[in-house]
Amino acid sequence: MTTISFVKENKEAIAAQGSNLREKALQNRVDIYTLGGKLRNCGGYGQCATCVVEIAEGMDNLSPKTDFEKRRLKKKPDNYRLACQTLVNGSVKVITKPKASKKK
């Protein structure tokens, strides 16, 4: 078991190794979508890229980025992930709804 800390919400979720980050957020009533994301999200199938999160700590404890993530997040900082495409394999700190920023 591992811990997912949602920084803005001051909430922690316990997760099994390999848990999907989006599913664990929703199960623990953590809102990961902006208003636009709520209206047009794909339900976790990796098609819309509206579940963007920032990983504050523990990037090494996540699955590698998928090809879809690499394409959709190429202009975002390296610590941004799509929650629906991310599997958690160790403790992480997550910032939901990160401010829009470009890769430096």
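Residues numbered from 1 in each chain as written. Predicted model: local features only at pLDDT ≥ 70, side-chain atom pairs only at ≥ 80, totals over all residues. Heavy atoms only, no water.

A. Highlighting the pairing of strand 4 (residues 52-57). In this structure, strand 4 lies alongside strand 5 (residues 80-82), joined through 3 bridges in antiparallel fashion. Within strand 5, the residue paired with V52 across the bridge is L82. When strand 4 meets strand 7 (residues 92-96), the two strands line up antiparallel, connected through 4 bridges. For E54, the partnering residue across the bridge sits in strand 7 and is I95. (Pairing = 2+ DSSP bridges. Helix = DSSP H or I, 4+ residues; strand = E, 2+ residues; numbered from the N terminus.)

B. The arrangement of the nonpolar core in detail. Of all hydrophobic cores here, the largest spans 24 residues; its most connected members are I4, F6, L21, I32 and V94. Broken down by secondary-structure element, the contributors of at least two residues to this core are strand 1 (2-6), strand 2 (11-15), helix 1 (21-27), strand 4, strand 5 and strand 7. With 3 residues, the top contributor of residues to this core is strand 4. In contact with F6, other than residues within four places in its own chain, are K11, A13, L21, A25, V30, V94 and T96. (Core = buried A, V, L, I, M, F, W, Y, C linked by side-chain atoms within 4.5 Å. Buried < 20%, exposed > 50% of the residue type's maximum accessible area, 1.4 Å probe, protein only. Contact = heavy atoms within 4.5 Å.)

C. Structural detail: the side chain of R22. With respect to the helices, strands and loops of the structure, R22 is situated in helix 1. Comment: no salt bridge for buried R22; closest opposite-charge side chain is E23, at 5.8 Å. Separated by 2.7 Å, the side chains of R22 and Y33 make a polar contact. Ignoring sequence-local partners within four residues, the contact set of R22 consists of I32, Y33, N41, G43, G44, A83 and C84. (Lys, Arg positive; Asp, Glu negative; His and termini not counted. Salt bridge = Lys/Arg side-chain N within 4 Å of Asp/Glu carboxyl O. Polar contact = N/O pair within 3.5 Å; in protein donor to acceptor, adjacent residues only side chain to side chain.)

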